[in-house]
Amino acid sequence: MQSTNLGNKESGKLWHRKPCPAARDGFNLVQRTAQACTALAFNLRRKSEFLVALADYSIKCFDTVTKELISWMRGHESSVFSISVHASGKYAITTSSDTAQLWDLDTFQRKRKLNILQSVGIQKVFFLPLSNTILSCFRDNSIFAWECDTLSCRYQLPAPPESSSILYKVFAVTRDGRILAAGGKSNHLHLWCLEAKQLFRIIQMPTKVRAIRHLEFLPDSFDAGSNQVLGVLSQDGIMRFVNIQTCKLLFEIGSLDEGISSSVISPHGRYIASIMENGSLNIYSVQALTQEINKPPPPLVKVIEDLPKSKLNSGDLKMKVTTGRVQRPAKSRENRIQTRILKQDLAGSFENKENELSDGLNKKRLQILLKGYGEYPTKYRMFIWRSLLQLPENHTAFSSLEDKGVHVAFLNLQKKYPIKSRKLLRVLQRTLSALAHWSAIFSETPYLPLLAFPFVKLFQNNQLICFEVVATLIINWCQHWFEYFPNPPINILSMIENVLAFHDKELLQHFIDHDITSQLYAWPLLETIFSEVLTREEWLKLFDNVFSNHPSFLLMTVVAYNICSRAPLLNCSLKDDFEYFFHHRNNLDISVVIREVYHLMDTTPTDIHPNSMLHVFVALTKGQYPVFNQYPKFIVDYQTQERERIRNDELDYLRERQMVEDMQAEVDQQRVEDEAWYQKQELLRKAEETRRELLLQEEEKMVQQRQRLASVKRELKVKEMHLQDATRRRFLKLQQDQREMELRRMDDELERKVYMRDREIATTTKDLEMRHLELESQKRLYEKNLIRNQEAVAKEMREDADAFRRKVDLEEHMFHKLIETDQTQNQKTQKLIEEDLAKAEQACLNADWRIQALHKQRCDDLQRNECYHEVARLLRENRRKETEVLNAMTGEEAKKWEEAKEKDFHLKSEKKASALADASRRWFLEKEINDALEDAEHPYSKVSLNQRRIQWDTTERDLMERVRNLRQRLAAQARNRCQMPHLLAT
């Protein structure tokens, strides 16, 4: 035994030496769930996925390739201890103690939920293999079967007998879904037949078995799903495998020291995986555990020899035969054989080499066994058939045929043969297609599906064996069938008729009298190979004998079937009755028919015996299948061509019919649409009338509502007007407050400006007074110093003139500033007018404020006018005083000039003085001229006193005129601003 420590490995090999199934086999860590696993399930539709039930009551689906979580399903409120997957892999049932839930594994959504009373409880809910039936087992021993699609109850198993009543805990079902094994806290096993719905056997385990913890059938490749070996795990940790037919203990795994906690068997029955109580995982090889599993049965008829007293050699082959039953044709049905130790005769000198079969079997011995029991054991029947037919199992050749796909002749097979099982239909379609690709005749053979169907149903899990069995049947037992194709094999039917004429002339004459030919009483049996008239068990029993004998045995069976049914056939007189008889099952013992066949095989003369006209059995060749051309090729080719032509014509016809049907459908659809349109229009008209009436009613209601709404609107309007009035008053008050604030601000500004103006006027007055004082002082100084220093006087006069010119410049600057202020005011006024035009709605509200502002400005102008008058008065007063000073200075100057003339007259002799005087005079005149020119731009000039006084008066008059013009323009602008809102409103 090999041992591998997984430890913390995430992947690795399981096998490090033989046996090694494949190099890629091993183990891989898929996910770490971080919690205990309570159930596992494989064989989903996507083979790389599997289901895991966890301790948090959830079910997760993982992918072994990508190692990713596919889905997370929740819904249970207790631990899930069982997961059952449908044969198609599309559905799964998860079972907990309080509920069972049906899941769709394509969408991972829950479809149905089974709720029960808490007092009852669920033991297990699972799918029956290869069916749509769900079996639910409860703690009160009630077992129900449900239809998967509709979830309707199909049946309920009756209660077990009280003498052996146990509380079921564990269950197991055979692969064909016929037998249910149930066990519990007892050493009894109950076997239920689900077809008959009754308990047919109770098996008592050894006394050391007190409770059964797990049950599982051991699959077999050759039992067609009717498993015979059952694994029973008991409370002592030992799993015992027993044959449910012979009740024989075959082998056991586990021990008291190393007990088994749970166990599972691989789908093909090759390995058993067991989790031990110490936490290890043991994998057992079934082939190594026993030599009796998957092995042909030993012959029951042997040469009996006495056992020597000495110990047997290890080379002797020994077997233990338990009590059994041997069926004999003419003796009692049951004979008990005591358990004996038999020694097999290995010499085999009496057997011919031609009777030796593969796998160590012998045809003669099998025939002896068959005559003794009437049939082969169910468990080994398929194995024996494969040996008798010497199937080559040409995998490569069959794969090449299968790779060609579905033959065109069988594309619509389901229409002619509507088989319920999709899998069975698919296998039948593939098998027939392989036969058609093997030989063209089979694509034209109409009865080929009837011929092959029984074998397809029997070998649906192994298509290669199915194909080779049917091919072997056609080559050997269907000899000369296709020589008269497409007609029935007249030569074969003639052989049958000759044999029937020899053994039962009365029956043949009865057929002739009622115009019943061999095509009616023989051909239906041959083309269906008796599958229509026999049950499954009878058919298997018959073909045990057919495959074990010469190919003529099948033809003799047809004759024997008619002879054994002569009584009901002689009572038939209508053709329909004969047809019904040969196409339906009849009350006929197949064992009697088989004995009659053997009788006919032995008593038929050689000249009419089919044995002389048919070849002996020929097996299929190894590697490649033989060429099958035993048919009229030209007819088949012609039929193929005709069929192809007919198929093309049919396709054209179908296309045209489809086109016509489409057109008709369009016409019908158009008619339906027209009718619907007219009906809709009528309904619309009625609906329109109804709605018009409703509209009239609604209009009346609308008028009333409008009246009520108008009154409400009036009330709302009044309220709105009141609100608007209050809002307007508040807004006016706010504006009035704002205007008052603005006026106060302007008053403050005006007061500040007046204060500043008064300060300026006071400063100017003080300056003027200071100037007056200065002039007075200058007058006195001039009067004092004029005589003493004329040069000083002249200099003083020039300084006075400069000071006066600066004063004139200051006043001129003030005048220009006044003019610029006027222009700025004009621009501002224009800008205000433009803004007033853009804001017409507020012009009226601002008019009063502006009028008041203008009034303030007018008052300010008046005050400024008064100030100007005061300034002008002061200026006139100052000018008067200056005039007096200047007059005094002029008189003094005149005196001085007269004195100068006198002195000049007296000093003419002094040329130098005279020249200086002349130069001084020229300089003075040029200066006076310049001053005159400057007086054109300035209010004062250094001209004579009279001219200076005239210019000052002119400048003062111009200044006053400009002030008057400025006041007029301001008044006109104020009037325009007051009139502008009225013009806009108009």
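Remember, predicted model here, so these are calculated numbers, not experimental data. Sequence order as written defines the numbering, with residues in each chain counted from 1. Confidence filtering applies because this is a predicted model: local features only for residues at pLDDT of at least 70, side-chain atom pairs given and counted only at 80 or more, and all residues used for totals across whole chains, interfaces and linings. Side-chain numbers come from the whole structure's heavy atoms, not from hydrogens or water.

### Considering the packing of helix α13 (residues 536–547) against helix α14 (residues 552–564)
Phase 1 of the analysis: In this analysis an axis means a line fitted to C-alpha atoms, helices contributing only their contacting stretch, and an angle means the value between N-to-C directions, from 0 to 180 degrees. In this description a helix means any DSSP run of H or I spanning at least four residues, a strand means any run of E spanning at least two, and both kinds are numbered starting from the N terminus. Two numbers describe how α13 lies on α14: the axes approach to 8 Å, and their chain directions differ by 135°. Of the possible angle classes, the one that applies to α13 and α14 is oblique. When you trace α13 past α14, the crossing you get is right-handed. For the pair α13 and α14, the contacting residues are Leu542, Phe543, Asn545 and Val546 in the first and Phe553, Leu554 and Thr557 in the second. An angle counts as roughly parallel when it lies under 35 degrees, as roughly antiparallel when it exceeds 145, as roughly perpendicular when it falls between 65 and 115, and as oblique in every other case. A crossing counts as left-handed when the near helix is turned anticlockwise from the far one by less than a right angle, and as right-handed when that turn is clockwise. Contacts between residues were defined by any pair of non-hydrogen atoms, one from each residue, lying within 4.5 Å.

### As for the environment of tyrosine 271
Phase 1 of the analysis: Positionally, tyrosine 271 belongs in strand β24 (residues 271–276).
Phase 2 of the analysis: Using a relative accessible area of 27% as the deciding quantity, one classes tyrosine 271 as partly exposed. Throughout, exposure labels follow a simple rule: accessible area from a 1.4 Å probe, protein chains only, divided by the maximum for the residue type, with under 20% read as buried, over 50% as exposed, and the rest as partly exposed.

### So, the sheet that holds strand β7 (residues 80–85)
Phase 1 of the analysis: Think of it this way: DSSP has to see at least two bridges between two strands before they count as a pair. The four strands lie next to each other as β7-β8-β9-β10, forming an open sheet whose pairing is antiparallel. Each having just a single partner strand, β7 and β10 (109–115) make up the two edges of the open sheet. The mean inter-strand angle of the sheet, taken between neighbouring strand axes irrespective of direction, is 20°.

### Structural notes on the packing of aromatic side chains
Remark: the centre distance and the inter-plane angle together describe each pair of aromatic rings, the angle taken between the planes.
Phase 1 of the analysis: Two rings belonging to Phe, Tyr or Trp (six-membered ring only in the last case) form a pair when the distance between their centres is within 6.5 Å. Interplanar angles under 30 degrees mark stacking, angles over 60 mark edge-to-face geometry, and anything in between is tilted. With the rule as written, the count across this model stands at 34 aromatic pairs.
Phase 2 of the analysis: Their ring planes at 70° and their centres at 5.1 Å tell us that phenylalanine 455 and tryptophan 539 sit as a pair that is edge-to-face. Of the two residues, phenylalanine 455 is situated in helix α7 (residues 448–458) and tryptophan 539 in helix α13; the sequence distance between them amounts to 84 residues. Just as phenylalanine 455 is buried, tryptophan 539 falls in that class too.
Phase 3 of the analysis: With 5.2 Å between their ring centres and 70° between their planes, tryptophan 477 and phenylalanine 547 make a pair best called edge-to-face. Of the two residues, tryptophan 477 is situated in helix α8 (residues 463–477) and phenylalanine 547 in helix α13; the sequence distance between them amounts to 70 residues.
Phase 4 of the analysis: Judged by its relative accessible area of 2%, tryptophan 477 falls in the buried class.
Phase 5 of the analysis: The structure contains a cluster of three or more aromatic residues connected by ring pairs, namely Trp385, Phe455, Phe459, Trp477, Trp539, Phe543, Phe547 and Phe617.
Phase 6 of the analysis: Criterion for a charge above a ring: Arg CZ or Lys NZ at most 6 Å from the ring centre, at most 35 degrees from the ring normal. Here lysine 60 stacks its cationic end above the ring of tryptophan 72, 4.2 Å away from the centre of that ring.
Phase 7 of the analysis: Its end group placed over the ring of tyrosine 155, lysine 197 keeps NZ or CZ at 4.8 Å from the ring centre.

### Details of unusual backbone geometry
Phase 1 of the analysis: Here lysine 197, not a glycine, exhibits a phi torsion of approximately 60°, which is positive.
Phase 2 of the analysis: In this fold, lysine 197 is placed in the loop between β17 (188–193) and β18 (198–204).
Phase 3 of the analysis: The exposure class of lysine 197 is partly exposed, given its relative accessible area of 33%.
Phase 4 of the analysis: Even without being a glycine, aspartate 515 presents a positive backbone phi close to 55°.
Phase 5 of the analysis: With respect to the secondary-structure elements, aspartate 515 resides in the loop between α10 (505–513) and α11 (518–521).

### Points about the confidence of the model for the protein chain
Phase 1 of the analysis: A residue's pLDDT is the confidence the predictor assigns to it, expressed on a 0 to 100 scale. Chain-level statistics for the protein chain give a pLDDT mean of 78 and a share of 77% at 70 or above.
Phase 2 of the analysis: Below a pLDDT of 50 lies the segment residues 305–353, which in the model reaches 52 contacts outside its immediate sequence neighbourhood of four places, other chains included.
Phase 3 of the analysis: Within the model, the stretch residues 939–952 combines pLDDT values under 50 with 37 contacts to residues more than four positions away or in other chains.

### Some remarks on the packing of helix α6 (residues 422–438) against α7
Phase 1 of the analysis: Axis separation between α6 and α7 bottoms out at 10 Å; the angle between their running directions is 125°. With respect to their mutual orientation, α6 and α7 come out oblique. Note that α6 runs across α7; the crossing there is right-handed. Residues Leu424, Val427, Leu428, Thr431, Leu432 and Leu435 of α6 form the contact with α7, whose own contacting residues are Leu448, Pro449, Ala452, Phe453, Val456 and Lys457.
Phase 2 of the analysis: In this classification, the charged set is Asp, Glu, Lys and Arg, the nonpolar set is Ala, Val, Leu, Ile, Met, Phe, Trp, Tyr, Cys and Pro, and all remaining amino acids, among them Gly, are polar. A breakdown of the residues in the contact of α6 with α7 according to their chemical character gives 10 nonpolar, one polar and one charged.

### Describing the environment of cysteine 572
Phase 1 of the analysis: Structurally, cysteine 572 can be placed in the loop between α15 (566–570) and α16 (575–581).
Phase 2 of the analysis: For cysteine 572 and phenylalanine 511, which are 61 residues apart along the polypeptide, the C-alpha to C-alpha distance reads 9.6 Å.
Phase 3 of the analysis: The residues contacting cysteine 572, other than those within four sequence positions of it, are His510, His514, Asp577 and Phe578.

### Side note on the pairing of strand β16 (residues 179–184)
Phase 1 of the analysis: The element β16 is largely enclosed, with a buried count of six among its six residues.
Phase 2 of the analysis: The side-chain alternation of β16 yields two buried faces, one formed by Ile179, Ala181 and Gly183 and the other by Leu180, Ala182 and Gly184.
Phase 3 of the analysis: Sheet topology note: the β16/β17 ladder contains four bridges and is antiparallel. Pairing of alanine 182 across the sheet is with histidine 190, part of β17.
Phase 4 of the analysis: In this structure, the hairpin formed by β16 and β17 is closed by a connection of three residues.

### Description of the pattern of salt bridges
Phase 1 of the analysis: Definition used for salt bridges: Asp or Glu carboxyl oxygen within 4 Å of a side-chain nitrogen of Lys or Arg. Scanning all chains against the criterion turns up 24 salt bridges.
Phase 2 of the analysis: Between aspartate 652 and arginine 655 there is a salt bridge whose closest N-O contact spans 2.0 Å. Highlighted residues: aspartate 652 and arginine 655, both in helix α18 (residues 633–785), separated by three residues, approximately one helical turn.
Phase 3 of the analysis: Exposure remark for aspartate 652: the relative accessible area of 31% places this residue in the partly exposed category.
Phase 4 of the analysis: In this structure, glutamate 742 engages arginine 745 in a salt bridge whose closest nitrogen and oxygen atoms are separated by 2.0 Å. Taken together, the positions of glutamate 742 and arginine 745, both in helix α18 and three residues apart, correspond to about one turn of that helix.

### Some thoughts on the pairing of β10
Phase 1 of the analysis: By the bridge criterion, six bridges tie strand β9 (residues 99–104) to β10 in an arrangement that is antiparallel. Pairing of glutamine 101 across the sheet is with lysine 113, part of β10.
Phase 2 of the analysis: Where β9 folds back onto β10 in an antiparallel hairpin, the turn is made up of four residues, including phenylalanine 108, whose phi is positive at roughly 55°.

### Quick look at the sheet that holds β17
Phase 1 of the analysis: If you trace the four strands from one edge of the open sheet to the other, you get β15-β16-β17-β18, paired in antiparallel fashion. Among the strands making up the open sheet, the edge pair consists of β15 (168–173) and β18. Within this sheet the neighbouring strands show an average axis-to-axis angle of 25°, counted without direction.

### Quick look at a nonpolar patch on the surface
Phase 1 of the analysis: Judged by side-chain polarity, Ile275, Leu281 and Ile283 come together as a nonpolar surface patch covering roughly 260 Å² of accessible area.
Phase 2 of the analysis: Tracing the backbone through its elements, the reader meets leucine 281 in strand β25 (residues 281–285).
Phase 3 of the analysis: When its relative accessible area of 53% is taken as the criterion, leucine 281 is described as exposed. Distance thresholds for patches are 9 Å for like charges and 5 Å for nonpolar side chains (Val, Leu, Ile, Met, Phe, Trp, Tyr), applied to residues having over 30% relative accessible area and no salt bridge. Here the Shrake-Rupley method, with its probe set to 1.4 Å, supplies the accessible areas, and only the displayed protein chains count as covering residues.

### Here we look at α7
Phase 1 of the analysis: With respect to burial, α7 is a largely interior element, eight of its 11 residues being buried.
Phase 2 of the analysis: Listed as buried for α7 are Leu448, Pro449, Leu451, Ala452, Pro454, Phe455, Val456 and Leu458.
Phase 3 of the analysis: If you follow the buried residues of α7, they end up packed against α3 (381–389), α5 (413–416), α6, α8, α12 (523–527) and α13.

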